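# Structure assessment
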Amino acid sequence: MAKKQLDEDLLAGGSLNKEKDKQAKKAEKLAKKNAKIKEKNEAKRTALKTKIDSLKEAKTNETDEKKIEKLDSQIKKLSDKYSAVGGNSSVSIAPRTVKIIKSAVCIVIVVALLVTYVATGAVRKGFIASLSLPAQYFTGLTVSNGENTAKIKVSTYNFYFASTYNSLMSQQSSYEQSGMDTSQIGLDVDFSKKLSSQTYTDSETNEKMTWAEHIHDLVLDSIENTYTYYLAAVEENGGKEPEITDDQKSQIDDTLSQYRETANKNGYTLSGYLVLAMGKGVTESVFRTESTRQYIAQNYQSQMSTDLAEKEYTDDEINAYKDKNEDSLKTVDIKLFECSSEDEAKEFAGKIKADGSNFADLCVAYSTDEFYKKAYADEGYSTELGMSKSTLQSRGYAIASEDAHEHEEGEEHSEDEEPVYSGLNWLFSSDRKAGDIYNYSTSVVYVISPASLSNRKTINVRHILIAPETDEENASATTATDKQWSAAYEKAKDILSKWDKTEDGFAQLAKDNSSDGSASDGGLYSNVVTGQMVNSFSSWCFDDGRKTGDTAIIRSDYGYHIMYFVGKNDQTVWQYNAQQALASDDSTSASEKLEEEYTVKENWFGSRYFEKDVDISN
C-alpha cells in the first residue's frame, strides 16, 4: 500500500497545495477527455470525407445542371462541417483551461523522477566543479511574513529546481501521449536542449523570457508556497515542527531505500547519486528535510480545509447563498446517451418513445463496444440523477459544451467573453417538462424531472469493490472478458454470503476485500450527493425506496460493487452543496490571506550559485 501511495502521491507529482493538486488532476482528466474528443473528431471527419467523396463521384456522372448545382451545395455544406471538426491536429484548448494547466505544472513533487532525469543525460550545470559547499551553507532565498522567517539554502533551491524540471517533463510527455499540442498549454520546450537557449512567452502578459528564467519563477512560487504553510504550521505548534504521519515517514524511508539501491548498483553513495540527479548540495539529509517539510505544509493546508469543511453554517447563511446562486444549485434527472456521430444522435432521438421506456434498448443498439452494450441493458446505466450544470460539464457531455463561435479577422478571444451553452440553456430552462426529448450535437437527452432544487437527502453508503482480474496489469475493467467478469461476480456473491448482517461486519469485509480506496474506512462514503458517483452506483443509492440495511451487487465500469445502504442524512443535496461552496470560499479566503502575508526574496550573493539550467551530456 505504501509503495502504491508513494508512486501516486510522490513520483507522479504529489502536491503540497491541495487546491493545486485538484487542478493537476483536472488537467490530467482534461488530457484524457481531449484524447477521446480527438478520436471522435477523427471518426466524424472520416465519415464526412466518405460522404463528400461519394457526392463528388455522383457529380462527375451527373449531366443535369440543376442536380449538379444541388450536389455542389451539399458538398460545400459537408466540406464546411469537415473543416469545422478538429482533425489530426491537436485539440484546441480554452484560455481558462490553459490557466489551470499552467498552475498545475507549477507543482513541486516530493520525490523527483531521478531515473528519468539521469537517463536523459541531463546533469546539473557545473556538477564537475568543486562548489558543493556554497550550496550547502549559503542562503539563496528568504521566506518571511515579518515575524516568521525561513532562510533557504542554495541546496534547497536546487532540490526544487530538479523537482519542477521533472514535473514539467513528465507532464509534457503525458499530454503528448494524449495527442495534445503542448504549445497551447505553454509547454513547448525541448528538454534535450539548454533551457537558457529557448524562449518562453507568457500567454497572459505576452512577456518573453528564457525557459530557464520561467522555471526559476516556478521554483520560487513553489518554495514560497511550501514554506508559507510550513512556517504557519510551526508557529501554530508552538515553534516546533509538527510530526508527520507514520505512513509519510515510511514513504520517505522507502523511497530513499530504493534510491540507495539504485545508487549502489551504479557505484554511487546515496548522497552522491542525489547530487548527480538533483544538484549540488542535495544530499540525503537535504532530501529528507525538504520532503518532511513539504509533508508538514501539505498536512497543515489539508487541516485548514478540513476544519472549514466541517464548519457548520446557519440556515440563514445557506439560504442566503441559495438566493445568490440558485441556478448553480438546481439539478435535473435525465436519461442521456452519447452517440458516435450527430447523424446517429438525430436518428436515436427520433426513435425514443414518449414515455422513454425504450431508452435503454436504444442505448444498447447504438453502443459500439460490447462492454457498454451489456452495461446499458441496465436501466440505471443511462440514468443521470440530480445532475447540475457543473457536473454535466465535468463529465464532458456534448450537451454541456460551449457553443462554437468565430471572431472577426484580427479580433482575439477575450477571457472576459461570456461563453454560451445552448444545450444547458435548453435543459435547465423553466419551460422544460418531464418527457421532453432533445438532441444536441452527439448528446441525446430524455427529461425525467426538470431543473429544481431537489429535496433528495445526502446519503451514507458502504461498498466493496471487486474488480475483474484482467490479463494486463492496471487495465480497465471494461476490457475484461466475460469469464473474468463472471469470476468477479462469483467472488462478490461469496463475500456477501459471509456477511453477518451487521454494519460493522460489512465494514470488516470491505477492509479485507475491497480494491477501492475507501477500503480502509470500511468502504464508507459519507454525505454522497447525486452526480458524485458513477450512474449505476448512484441510481441504486438514490432509489426512492432505498432504506437502511439494503444490500445488492451492482456493476459499473470499475467492477462489481457489493452495496450496503447506511442511511439518509438531514441535509438535502442542494443544502449540502451550498454548505460546501461556502466552506470552499472561506478556505480560499483563508489561504489567500495567509499567502499574501508571506513573500520570498532572493539573496543576491547566494543566488549566484543557483542551478538554473542543464548541460546536455549526450
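Anyway, here's the lowdown on the structure attached to this text. (Residues numbered from 1 in each chain as written. Predicted model: local features only at pLDDT ≥ 70, side-chain atom pairs only at ≥ 80, totals over all residues. Heavy atoms only, no water.)

## Regarding unusual backbone geometry
Not every positive phi belongs to a glycine, and N206 is a case in point at roughly 65 degrees. Here S441, not a glycine, exhibits a phi torsion of approximately 55 degrees, which is positive. Take S441: its relative accessible area is 24%, and that puts it in the partly exposed class. (Buried < 20%, exposed > 50% of the residue type's maximum accessible area, 1.4 Å probe, protein only.)

## Some points on the packing of helix α8 (residues 211–236) against helix α11 (residues 284–309)
Packing of α8 against α11 brings their axes to within 8 Å, and their N-to-C directions diverge by 75 degrees. Relative to α11, the element α8 lies roughly perpendicular. Residues T226, Y227, Y229, Y230, A232, A233 and E236 of α8 touch α11, and the partners they reach there are E290, R293, Q294, I296, A297, Y300, Q301 and M304. Class assignment for the residues of the contact of α8 with α11 results in nine nonpolar, three polar and three charged. (Axes fitted to C-alpha atoms, helices over the stretch in contact; angles between N-to-C directions. Helix = DSSP H or I, 4+ residues; strand = E, 2+ residues; numbered from the N terminus. Parallel < 35°, antiparallel > 145°, perpendicular 65-115°, else oblique. Contact = heavy atoms within 4.5 Å. Nonpolar A, V, L, I, M, F, W, Y, C, P; charged D, E, K, R; others polar.)

## Structural notes on the pairing of strand β6 (residues 331–338)
Within β6, eight of the eight residues are buried, which leaves the element mostly enclosed by the surrounding structure. Where burial is concerned, the two faces of β6 agree: the one with T331, D333, K335 and F337 and the one with V332, I334, L336 and E338 are both buried. As paired elements, β6 and strand β9 (residues 443–452) share seven bridges and run antiparallel to each other. Within β9, the position partnered with I334 by the bridge is V447. (Pairing = 2+ DSSP bridges.)

## So, the nonpolar core
In this structure, Y157, L195, W211, I223, Y227 and M278 are the most contacted members of the largest nonpolar core, which totals 58 residues. Within the residue set of this core, elements represented by two or more residues are β2 (139–144), β3 (149–153), α7 (154–177), α8, α9 (246–265), α10 (270–278) and α11. Among the elements that line this core, the one with the most residues is α8, at 14 residues. When near neighbours in sequence (up to four residues on either side) are disregarded, I223 contacts L141, V143, I152, Y157 and Y160. With 33 residues, the next largest nonpolar core counts I352, A480, I495 and I562 among its residues. (Core = buried A, V, L, I, M, F, W, Y, C linked by side-chain atoms within 4.5 Å.)

## What to know about α8
The terminal C-alpha atoms of α8 lie 38 Å apart, and with 26 residues this matches the ideal 38 Å at 1.5 Å per residue to within 8%. Extensive coverage of α8 is indicated by the burial of 21 of its 26 residues. Just downstream of α8 lies G238, where phi reads positive at about 75 degrees. (Expected span 1.5 Å × (residues − 1).)

## Overview of the sheet that holds β6
The sheet built from four strands is open, its strands ordered β7-β6-β9-β8 with antiparallel pairing. Strands at the two margins of the open sheet, each flanked by one partner only, are β7 (383–387) and β8 (437–440). Mean inter-strand twist for the sheet, computed between neighbouring axes without regard to direction, equals 30 degrees. Seen against the sheet, helix α13 (residues 342–351) touches β6, β8 and β9 and runs at an angle of roughly 175 degrees to β8.

## Notes on the sheet that holds strand β14 (residues 599–602)
Within the open sheet, the three strands sit side by side as β3-β2-β14. Their pairing is antiparallel. Edge positions in the sheet fall to β3 and β14, since each of these pairs with one other strand and no more. Each neighbouring strand pair of the sheet contributes to a mean axis angle of 20 degrees, computed without reference to strand direction. As paired elements, β2 and β3 share five bridges and run antiparallel to each other. Bridge pairing links T142 to K151 in β3. Its contacts with the sheet place α8 against β2, β3 and β14, and it is angled at close to 50 degrees to β2.

## Thoughts on the environment of F428
Mapping F428 onto the fold places it in the loop between α17 (422–427) and β8. Residue classification places F428 among the buried residues on the basis of a relative accessible area of 11%. Residues F428 and S452 lie 24 residues apart in sequence; the distance between their C-alpha atoms is 8.7 Å. If near-sequence neighbours (up to four positions away) are discounted, F428 is found in contact with K330, T331, V332, M387, S388, K389, L392 and A451.

## Focus: the packing of aromatic side chains
Inspection of every chain in the model, using the stated rule, returns 31 aromatic pairs. Considering the side-chain rings of F138 and F605, the 5.2 Å spacing of their centres and the 50 degrees angle between planes classify their relative orientation as tilted. With a gap of 467 residues between them, F138 in the loop between α6 (132–137) and β2 and F605 in the loop between β14 and β15 (614–616) connect regions that are remote in the sequence. Judged by its relative accessible area of 28%, F138 falls in the partly exposed class. Arranged with centres 3.8 Å apart and planes meeting at 10 degrees, the rings of Y157 and F610 form a pair that is stacked. Pair noted here: Y157 is in helix α7 and F610 is in the loop between β14 and β15, with a separation of 453 residues, a long-range link. Assessed through its relative accessible area of 0%, Y157 is described here as buried. (Phe/Tyr/Trp six-rings, centres within 6.5 Å; stacked < 30°, edge-to-face > 60°.)

## Section: empty space enclosed by the protein
This structure, assessed with the given rule, holds two cavities of 30 Å³ or more. Here the second largest cavity defines a volume of roughly 30 Å³. Looking at the second largest cavity, the residues that line it are L329, T331, S454, T530, V573 and W574. Counted by class, the lining of the second largest cavity contains three nonpolar, three polar and no charged residues. (1 Å grid on protein atoms, 1.4 Å probe; cavity = no way out; pocket = protein on both sides within 12 Å on 5 of 7 lines; lining within 4 Å. Points joined across faces, edges and corners; volume = space filled by probe spheres on them.)

Nothing here speaks to function; it is all geometry.
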